[in-house]
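Per-entry structural report
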Amino acid sequence: MPEVPLIQTEDTFIQSFDLVEDFRSFFDNKETCVPAIRDLKELKVMSLFGFGLFHLILSLIPPSVLRVVNLLGFHGNRYLGITSLNTVASSQSEYRSILASVTLLWYQLSLRPTFLSNPQHLTLGLEQARQILEEKLGVEFQDTWLTLYFTGTIHKLQGDIEGALKLFQTTAIKSAHLRECKLMAYYEIGWCQLIVWNWSEASEIFSDLLAEARWSKGFYGYLAAISMGAGGGSVTGCRALLAELPGRIKKTVNVELDTFCSAKCRKLETSQNLEYECKLATLEMLYVWKCLTLTESKANDIIHSVNNRPKDLSPASLATSYFLVGVSWKALGDLTKAEQALKISETITKEDEKDQYITVCVLSELAELYHQLGQKERSTLMAERARNDYRGYHLENRLYNRVHSLNTDSSSS
């Protein structure tokens, strides 16, 4: 257990003083003994919580920043962090037990699905999250916005979008007095509408977020614009929103994401095939955020609609269209057609090096495809190319963990 060396270090630290006898006499006094023991236990829980959170955060730092952090001598161990937080969540410290439980839920439901490519790992994370909700938060926080929010996230990840929508809508009502919590619920409602292709409803939600949120305005505005365009909404309104967004991105937390949104807005604004390219953009975002749920009907719809390509598409949009068709054929189980479409996408030369993120996604899908076919050497080669051959592309930090886990899965399969 990771807390054992921490406690041993603490005991050694106390014993190193010359005033050990004073400590003993202090603890022999019954009036001071019980409070002191409680304080010591609380101190250990506090230390363990900080220790676990520190390791978890460091293990999640993007690779571009991680190099600098490692040079400063800091290293994150995700397993050590999770184990420490689990210990705190099971402790008698009520306040820190709740904090640790919420942190673990945030990791299992928001971060873990982003990092892992293996569906079995996702299922395990959902089971652990459900256990935390039932054992740690289920009694005291039952039917509060906090438990409703995390329960809705579990439903969303399980594919029960209708159930998730109801829970997130209730969350938004119950957290109306907490502005940021209400916006979190709205954000999830918007994504649920995107997942089921309710483009107009999604555009309205993200437009509200654009108006109310202080941060991520570029991201919310981009989602609002492409949803509006994909749903066949006002072409004038969509172009106007795409035109104004790059200038509205001033306060930014995620430079990489805002740079991507600004570049895409400039390209879409002048597109002669706005509805088609906006639909490509929405499906692309669903894929990158691991929300592209391809049922048989949806996969066939993508193949039919995306294959009706306009003749004057840009190379990036053309590559994206073949990529989405390939992913759809893969979901339908026709790996031969999937491979053909993905290879066409890979060979299309991108005008902008930053658009190589499409190629990275293609190589990731090919790695999975060859893994399914039992061609392990080709699978590992595709994953290594995705990981090592490209740098500085759009959404690199977002895709890095997916590519890294693919490489690990392929090489260890």
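The rules behind the values
Residues numbered from 1 in each chain as written. Predicted model: local features only at pLDDT ≥ 70, side-chain atom pairs only at ≥ 80, totals over all residues. Heavy atoms only, no water. Helix = DSSP H or I, 4+ residues; strand = E, 2+ residues; numbered from the N terminus. Buried < 20%, exposed > 50% of the residue type's maximum accessible area, 1.4 Å probe, protein only. Contact = heavy atoms within 4.5 Å. Areas by Shrake-Rupley, 256 points an atom, 1.4 Å probe, with all protein chains shown as cover. Expected span 1.5 Å × (residues − 1). Core = buried A, V, L, I, M, F, W, Y, C linked by side-chain atoms within 4.5 Å. Axes fitted to C-alpha atoms, helices over the stretch in contact; angles between N-to-C directions. Parallel < 35°, antiparallel > 145°, perpendicular 65-115°, else oblique. Left-handed = near helix turned anticlockwise from the far one by under 90°. Nonpolar A, V, L, I, M, F, W, Y, C, P; charged D, E, K, R; others polar. pLDDT = per-residue confidence, 0-100. Salt bridge = Lys/Arg side-chain N within 4 Å of Asp/Glu carboxyl O. Phe/Tyr/Trp six-rings, centres within 6.5 Å; stacked < 30°, edge-to-face > 60°.

1. Description of the overall build of the chain
- Scanning the chain from terminus to terminus reveals 21 helices and zero strands.
- Counting the 413 residues in the chain, one finds 48% classified as buried.
- Considering only contacts in the chain between residues 6 or more positions apart, those separated by 24 or more positions represent 64%.
- On the chain, roughly 20800 Å² of surface is accessible, and the fraction owed to carbon and sulfur atoms is 55%.

2. What to know about helix H12 (residues 217–230)
- For H12, with 14 residues, the first-to-last C-alpha span of 20 Å sits near the 20 Å given by 1.5 Å per residue.
- With respect to burial, H12 is a largely interior element, 12 of its 14 residues being buried.
- Three or more residues of H12 are buried, namely Gly218, Phe219, Tyr220, Gly221, Tyr222, Leu223, Ala224, Ala225, Ile226, Ser227, Gly229 and Ala230.
- Buried residues in H12 make contact with helix H10 (179–195), helix H11 (199–212), helix H13 (235–248), helix H14 (255–269) and helix H15 (274–288).
- Where H12 terminates, the next one or two residues include Gly232, which has phi positive at roughly 75°.

3. Focus on unusual backbone geometry
- Non-glycine residue Ser216 carries a positive phi angle of around 60°.
- In this fold, Ser216 is placed in the loop between H11 and H12.
- Phi at Leu395 takes a positive value of approximately 60°, unusual for a residue other than glycine.
- Examined against the element boundaries, Leu395 turns out to sit in the loop between helix H20 (376–388) and helix H21 (396–412).
- Leu395 sits in the buried class, given a relative accessible area of 1%.

4. Re helix H5 (residues 78–89)
- Taking 1.5 Å of rise per residue, the 12 residues of H5 would be expected to cover 16 Å, and the 16 Å separating its terminal C-alpha atoms lies within 8% of that figure.
- By the burial criterion, the buried members of H5 are Gly81, Ile82, Thr83, Ser84, Leu85, Val88 and Ala89.

5. Re the nonpolar core
- Ranked by size, the top nonpolar core spans 108 residues in total, and within it Trp191, Phe206 and Phe219 carry the most contacts.
- Residues in contact with Trp191, not counting those within four places in the same chain, are Phe206, Phe219, Leu223, Met285, Leu286, Trp289 and Cys291.

6. Concerning the environment of Lys156
- Within the secondary structure, Lys156 sits in helix H8 (residues 145–158).
- Given a relative accessible area of 14%, Lys156 falls into the buried group.
- Along the sequence, Lys156 and Trp191 sit 35 residues apart, while their C-alpha atoms lie 9.5 Å from each other.
- Those residues in contact with Lys156 that sit more than four places away from it in its chain are Ile161, Ala164, Glu188, Cys192 and Ile195.

7. A short note on the packing of helix H16 (residues 296–307) against helix H17 (residues 315–332)
- Across the interface, H16 lies against H17 with an axial gap of 9 Å and an inter-helix angle of 150°. Relative to H17, the element H16 lies roughly antiparallel. Of the two elements, H16 crosses H17, and the hand of that crossing is left-handed. Here H16 contributes Glu296, Ala299, Asn300, Ile302, Ile303, Val306 and Asn307 to the contact with H17, which in turn contributes Ser321, Leu324, Val325, Ser328, Trp329 and Leu332.
- By residue class, the composition of the contact of H16 with H17 is eight nonpolar, four polar and one charged.

8. Observations regarding the confidence of the model for the chain
- Overall, the prediction assigns the chain a mean pLDDT of 82, with 82% of residues at 70 or greater.
- Between residues 407–413, whose pLDDT stays under 50, and residues either more than four places distant or in other chains, the model counts 13 contacts.

9. What about the side chain of Ser101?
- Inspection of the secondary structure assignment puts Ser101 in helix H6 (residues 94–115).
- If we skip the residues at most four places from it in the chain, Ser101 touches Ala89, Ile132, Lys136 and Leu137.

10. Remarks on the pattern of salt bridges
- This model, assessed by the stated rule, comprises 13 salt bridges.
- In this structure, the salt-bridge partner of Glu284 is Lys264, at a minimum N-O distance of 3.4 Å. Of this pair, Glu284 sits in helix H15 while Lys264 is found in helix H14, placing the two residues 20 residues apart along the sequence. Each member of the pair, Glu284 together with Lys264, is buried.

11. Topic: the packing of aromatic side chains
- As enumerated under the stated definition, the model contains 12 aromatic pairs in all.
- Residues Tyr149 and Phe150 carry aromatic rings whose centres are separated by 5.5 Å and whose planes lie at 70° to one another, so their mutual orientation is edge-to-face.
- The exposure class of Phe150 is buried, given its relative accessible area of 6%.
- When the ring of Tyr222 is compared with that of Phe260, the centres are 6.0 Å apart and the planes differ by 80°; the resulting orientation is edge-to-face.

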